[in-house]
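Reading the structure
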Amino acid sequence: MIPHSLLLESENTKQISDLLKEINYTFERVVQFEEIAKTLEGGKFHFLIFHIADVTNEEKQNKLREITKNFPQVLILLITDKTKWDITASLLKQHMVYDFIQTPIETNHFQFTLDRSLQYLLTKLKSQFVLEAENHLYKRMVEIFDWKKSLSHKENENIASDIIHQMNINLFQGSGIGTLMSVVSILIAKSKLDDEGKNYSIPKPIMDLLSENYDAAKSMFDSMSISQSVIDDESIIETQESPIKLLPIIDYELETLNEALSIKSQKINLSQIPSSVIGKKIRFDATKLSYVIREILLNAIKYSKEKDMIYLIFFHKENFLELKVINPAYQNQDGTNGIPEKFESFVFEPFFRISSVVDDSYAKFEQFRFGLGLPLVKKILDLHKSNVQIYNIENNFRNENSKDICLTIRFPLSEEEK
């Protein structure tokens, strides 16, 4: 994953923006310290980067303390020099910054620091989630082995039942293998041998059902084949093309998904690609990017409701092309809405599901299944040296006081060779 940074721009950080561009890492910038909190609220960033000279007074350090408290999932990286060791040491000691980079800055060391910091951040988020999951498991175990409940038959589950439940969701729920097996059993029971004992006759409705579920099962195995090819591929995409070539891929996938949109009378509103990216290039594998576009659109379609509008919007920011897919956020089974903040990283983990409900209406459109959709999207975008995030945002498109889900892809841009 490529980290996404917010840079406090000043005379002291001009080199930082050049370095971020050089290593093809995405970033946005603000020019006033007072803009930081508002910008962090409006987007998702891994790092906040600024120079020590821009936070020397007590007022800004107090604001920095508030930022640290209000945005614990953003790591603060400090650019410093030998003349400000006292302030640097103080900020580190108070945990107001995570790490520092001393000038003069060397490119490889700068990238190493960002990569190492990102790994720490992801590990930190995962450990919080794992602790929560372990606490839940512990409570389950207490309930399972509570002899009073066992005697009263209020709890007769076991831990293995969760595993079986997940297997059922991933393999047998809805059309496909499970229903195919059921249809075959009906076929055997209902088929009739003719008088000569040579041929079986099969009622047409049963044959139609068999054919339908055979196609669904075949689609499932095709999906497994595509998924395996993506999982096994570790080659960074070197081919570069104009970002404009994303449009035919999107148009084709929109046409393919017309039937899926019609199920709940939904529409997709697609923006134009900014003209400012003409003459620039992105890493580009058409087949793999088509998998990405299909999955992110289908996700938005599945988790939206009747007559919802889904927005597909391009932005050109700094050194990257940003593609946002925005759809309404609704309440989950556990009472949360959309993508709870604690799950933002884990929706890209294999087999992770916020909801265990499987909507079979969209099965034939899916190229990735078994809880592997977004993990494989992330894998493909990693191979494109691009980043992807998903999070809730305030509703800016509809006349309602609600939230939207925003999936954001950032493609680093490079200049076209002349």
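Located above this text is the structure these notes cover.
In what follows, the accompanying structure is described. As the structure is a computational prediction, the values presented were derived from the model and not from experiment.

1. Description of the overall build of the protein chain
The secondary structure content of the protein chain amounts to 13 helices and 15 strands. Expressed as a percentage of its 418 residues, the buried residues of the protein chain come to 45%. For the protein chain, the share of sequence-separated contacts (at least 6 apart) that also reach a separation of at least 24 residues comes to 70%. Element-wise, carbon and sulfur atoms account for 53% of the exposed surface of the protein chain, whose accessible area totals about 22500 Å².

2. Some remarks on the pairing of strand 2 (residues 27-30)
With 4 bridges connecting them, strand 1 (residues 5-8) and strand 2 associate as parallel partners. Of the residues in strand 2, the one forming a bridge with S5 is F27. After leaving strand 1, the chain enters helix 1 (residues 14-22) and then returns to the sheet as strand 2, a path that is right-handed.

3. Points about the packing of aromatic side chains
The geometry of an aromatic ring pair is captured by two quantities: the separation of the ring centres and the angle between the planes. Summed over the entire model, instances satisfying the criterion amount to 2 aromatic pairs. Centre to centre, the rings of W85 and F100 are 5.3 Å apart; their planes meet at 85°, and the pair counts as edge-to-face. Here W85, found in helix 4 (residues 85-93), pairs with F100, found in strand 5 (residues 99-102); they are 15 residues apart in sequence, far enough to count as distant. The class of F100 is partly exposed, set by a relative accessible area of 27%. Taking the centre distance of 4.6 Å and the plane angle of 15° together, the rings of Y98 and Y120 count as stacked. One end of the pair, Y98, is in the loop between helix 4 and strand 5; the other, Y120, is in helix 5 (residues 107-144), and 22 residues separate them in sequence. Residue class for Y98 comes out partly exposed when judged on its relative accessible area of 28%. Y120 gets classed as partly exposed once you look at its relative accessible area, which sits at 37%. Between the NZ or CZ atom of K305 and the centre of the ring of Y330, over which it lies, the distance is 4.3 Å.

4. Let's talk about the sheet that holds strand 10 (residues 280-283)
Spatially, the 3 strands line up as an open sheet ordered 8-10-15, and their pairing is antiparallel. Two strands lie at the open edges of the sheet, namely strand 8 (240-241) and strand 15 (414-415), each paired on one side alone. One ladder, built from 2 bridges, connects strand 8 with strand 10; its direction is antiparallel. Bridging from a neighbouring strand, E241 pairs with I282 of strand 10.

5. Some remarks on the packing of helix 10 (residues 246-256) against helix 12 (residues 286-302)
Between helix 10 and helix 12, the shortest axis-to-axis distance is 9 Å and the interhelical angle comes to 45°. On the basis of the axis angle, helix 10 is oblique to helix 12. Taken as a pair, helix 10 and helix 12 cross one another with a handedness that is right-handed. Contact with helix 10, carried on its side by L246, I249, I250, E253, L254 and T256, involves A286, L289, S290, I293, R294 and L297 of helix 12 and no other residues of that element. Looking at the contact of helix 10 with helix 12 residue by residue, the class counts come to 8 nonpolar, 2 polar and 2 charged.

6. Here we look at the sheet that holds strand 3 (residues 47-51)
Taken in spatial order, the 5 strands make up an open sheet running 2-1-3-4-5, and their pairing is parallel. The open sheet has two edge strands, strand 2 and strand 5, and neither has a second partner. Direction aside, the axes of adjacent strands within the sheet are offset by 25° on average. Relative to the sheet, helix 1 contacts strand 1, strand 2, strand 3 and strand 4 (75-80), its axis offset from that of strand 2 by approximately 165°. With respect to the sheet, helix 4 is in contact with strand 4 and strand 5, its orientation differing from that of strand 5 by roughly 160°.

7. A word on the pairing of strand 5
Along strand 5, the buried face is formed by D99 and I101; none of F100 and Q102, which line the opposite face, is buried. Judged from the 4 bridges that link them, strand 4 and strand 5 form a sheet pairing that is parallel. Looking at strand 5, one finds that I79 is bridged to I101. Handedness of the β-α-β unit built from strand 4, helix 4 and strand 5 comes out right-handed.

8. Thoughts on the pattern of salt bridges
Counted under the stated rule, the structure contains 20 salt bridges. Residue D233 is joined to K288 by a salt bridge in which the shortest nitrogen-to-oxygen separation is 3.0 Å. Taken together, the residues span a long stretch of sequence, with D233 in the loop between helix 9 (204-232) and strand 8 and K288 in helix 12 at a distance of 55 residues. The same class applies to D233 as to K288, namely buried.

9. Quick word on the side chain of N319
The topology assignment puts N319 in the loop between strand 11 (309-317) and strand 12 (320-328). Contact partners of N319, with chain neighbours within four places excluded, come to L20, K21, N24, Y25, T26, F27, F411, P412 and L413.

10. Section: the environment of I409
By secondary structure assignment, the location of I409 is in strand 14 (residues 403-412). Residue class for I409 comes out buried when judged on its relative accessible area of 0%. Beyond its immediate stretch of four places on either side in the chain, I409 contacts V292, I296, L321, E322, L323, L381, N387 and V388.

Calculation criteria
- Position numbers for residues count from 1 along each chain, tracking the sequence in the order it is written.
- Thresholds applied to this predicted model are a pLDDT of at least 70 for local features of residues and 80 or more for the giving and counting of side-chain atom pairs; totals over whole chains, interfaces and linings are not thresholded and use all residues.
- Excluding hydrogens and water, the side-chain figures rest on all heavy atoms present in the structure.
- Comment: elements are numbered from the N terminus, with helices defined as DSSP H or I runs of at least four residues and strands as E runs of at least two.
- Only protein chains enter the accessibility calculation, which uses a 1.4 Å probe; a residue is then buried when its area is under 20% of its type maximum, exposed when over 50%, and partly exposed in between.
- Should any heavy atoms of two residues lie within 4.5 Å, those residues are considered in contact.
- Surface accessibility in these figures is a Shrake-Rupley result with a 1.4 Å probe; residues are shielded only by whichever protein chains are displayed.
- For two strands to pair, DSSP has to find at least two bridges joining them.
- We call a crossover right-handed when, viewed with both strands directed away from the observer, the connection leading from the first strand over the helix to the second proceeds clockwise.
- Aromatic pairs are defined between Phe, Tyr and Trp rings, using the six-membered ring for Trp, whenever the two ring centres lie within 6.5 Å; interplanar angles under 30 degrees are classed as stacked, those over 60 as edge-to-face, and all others as tilted.
- By definition, being over a ring means that NZ of Lys or CZ of Arg is both within 6 Å of the ring centre and within 35 degrees of the ring normal.
- Each axis is a line fitted through C-alpha atoms, taken for helices only over the stretch in contact, and angles between the N-to-C directions span 0 to 180 degrees.
- We call two directions roughly parallel when the angle between them is under 35 degrees, roughly antiparallel when it is over 145, roughly perpendicular when it lies between 65 and 115, and oblique otherwise.
- Here a crossing is called left-handed whenever its near helix is offset anticlockwise from the far helix by less than a right angle, and right-handed whenever the offset is clockwise.
- Amino acid classes used here: Ala, Val, Leu, Ile, Met, Phe, Trp, Tyr, Cys and Pro are nonpolar; Asp, Glu, Lys and Arg are charged; the rest, including Gly, are polar.
- Basic side-chain nitrogens of Lys or Arg form a salt bridge, by our definition, when they fall within 4 Å of a carboxyl oxygen of Asp or Glu.

Coordinates in, geometry out; function isn't part of it.
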